[in-house]
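Listed below, chain by chain, are the residues.
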Amino acid sequence: MWRLKIGDYGTKNDPYIFSTNNFAGRQIWEFDPDTVSVEELAEVEEARLNYLKNRFNVKNSSDLLWQIQILREKKFKQKIPQVKIGNNGEEKTTEIATTALRRAVHIFSVLQSCHGHWPADNSGPLFCNTPMVICLYITGHLNIIFCAEHRKEMLRYIYNHQNEDGGWGFHVEGHSTMFGTVLNYLCMRLLGEGPDGGENSACTRARKWILDRGGATGMPSWGKTWLSVYSFNPLKS
């Protein structure tokens, strides 16, 4: 199970990691295979499946995994009853609005970390992972830095944000572009997927999107730069 850890967590004495605020708010996702209950695992898998089914309508993950973790750790129970306003002309009273606001503030305050901030991911861009993967690949460190669980979750992220037409955009809510599609296709392949691999034939669909639109030469200069870095692989010589 992946768990969000906040603060130092053993990195304070690492010579390559620095902090000017005593690591306040530092967020680390760490995989721990031994401390997960059956109930927690089922809750996480249900959230993942629900996101997968609705990913084309709600494209942002809403940080569901850390919300589940924090609410479970704090044994949160929502005590303020839910109120709903339909479309049948029901009166919208101050009492109803106040109840809805109190309910939202209640859960929002529980989600605040012990450091005083609200944890969040950076799940919008679709062009950050591939350059890192390329650099680790050409230096021979890809499977050293990323364990199998890291690679599994990176692939899940790519699958979850593939558009219905088979491509990827510049960000998770963007239309498919040559830049986003080529980078994410390459990332899947470097992470171990075969030419026709990936969830729901992700690689096949992506390659078709690319070829149907003239190929990878249609990428902007930034994308071509990274393709050049990948092509110049000293490990091949």
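Since the model is a prediction, treat every value here as computed from it, not as a measurement.

Definitions and limits used
- Residues numbered from 1 in each chain as written.
- Predicted model: local features only at pLDDT ≥ 70, side-chain atom pairs only at ≥ 80, totals over all residues.
- Heavy atoms only, no water.
- Disulfide = S-S within 2.5 Å.
- Buried < 20%, exposed > 50% of the residue type's maximum accessible area, 1.4 Å probe, protein only.
- Helix = DSSP H or I, 4+ residues; strand = E, 2+ residues; numbered from the N terminus.
- Polar contact = N/O pair within 3.5 Å; in protein donor to acceptor, adjacent residues only side chain to side chain.
- Core = buried A, V, L, I, M, F, W, Y, C linked by side-chain atoms within 4.5 Å.
- Contact = heavy atoms within 4.5 Å.
- Pairing = 2+ DSSP bridges.
- Phe/Tyr/Trp six-rings, centres within 6.5 Å; stacked < 30°, edge-to-face > 60°.
- Salt bridge = Lys/Arg side-chain N within 4 Å of Asp/Glu carboxyl O.

## Here's the deal with the state of the cysteines
Right, on to step 1. Summed over all chains, the structure comprises 0 disulfides.
Right, on to step 2. Lacking any disulfide linkage, cysteine 187 is separated from the closest cysteine sulfur, that of cysteine 203, by 10 Å.
Right, on to step 3. Residue class for cysteine 187 comes out buried when judged on its relative accessible area of 1%.

## Overview of the side chain of serine 113
Right, on to step 1. On the secondary structure map, serine 113 appears in the loop between α3 (94-110) and α4 (129-138).
Right, on to step 2. Only 2.7 Å separates the side chain of serine 113 from the side chain of histidine 117, close enough to count as a polar contact.

## Looking at the environment of leucine 155
Right, on to step 1. With respect to the helices and strands, leucine 155 occurs in helix α6 (residues 148-160).
Right, on to step 2. Judged by its relative accessible area of 10%, leucine 155 is buried.

## Structural notes on the nonpolar core
As a rule of thumb, soluble globular proteins bury nonpolar side chains together.
Right, on to step 1. With 32 residues, the main nonpolar core has Val133, Met188 and Leu191 as its most contacted residues.
Right, on to step 2. Counting only elements with at least two residues in this core, the list comes to α4, α6, α7 (178-190) and α8 (202-212).
Right, on to step 3. The element contributing the most residues to this core is α7, with 9 residues.
Right, on to step 4. Aside from chain neighbours lying at most four places away, what touches valine 133 is Leu142, Phe146, Met154, Cys187, Leu190 and Leu191.

## Side note on the pairing of strand β1 (residues 2-6)
Right, on to step 1. Most of β1 is tucked away: 4 of the 5 residues are buried.
Right, on to step 2. Of the pairings in the sheet, the one linking β1 to strand β2 (residues 27-31) comprises 5 bridges and is antiparallel in character. For lysine 5, the partnering residue across the bridge sits in β2 and is isoleucine 28.

## Concerning unusual backbone geometry
Right, on to step 1. Look at asparagine 22: it is not a glycine, yet its phi comes out positive at around 60 degrees.
Right, on to step 2. Within the secondary structure, asparagine 22 is located in the loop between β1 and β2.
Right, on to step 3. Even without glycine at this site, phenylalanine 23 takes up a positive phi of about 65 degrees.

## Things to note about the packing of aromatic side chains
Right, on to step 1. For the structure shown, the criterion picks out 8 aromatic pairs.
Right, on to step 2. Where phenylalanine 127 meets phenylalanine 170, the ring centres are 4.6 Å apart and the plane angle is 25 degrees; that geometry is what we call stacked. Note that phenylalanine 127 is positioned in the loop between α3 and α4 and phenylalanine 170 in the loop between α6 and α7, a separation of 43 residues in sequence.
Right, on to step 3. The rings of Phe127, Phe170, Phe179 and Trp222 are connected pair by pair, giving a single aromatic cluster.

## Looking at the pattern of salt bridges
Right, on to step 1. Across all of its chains, the model carries 8 salt bridges by this definition.
Right, on to step 2. One salt bridge connects arginine 72 with glutamate 43, and the closest N-O pair in it is separated by 2.7 Å. Placement of arginine 72 in helix α2 (residues 64-73) and of glutamate 43 in helix α1 (residues 38-54) is noted, with a sequence separation of 29 residues between them.
Right, on to step 3. A relative accessible area of 35% means that arginine 72 is categorised as partly exposed.
Right, on to step 4. Its relative accessible area of 30% is what places glutamate 43 among the partly exposed residues.
Right, on to step 5. Here the salt bridges do not stand alone but share partners, grouping Glu45, Arg48, Glu153 and Arg156 into one network.

These values are about where atoms sit, not about what they do.
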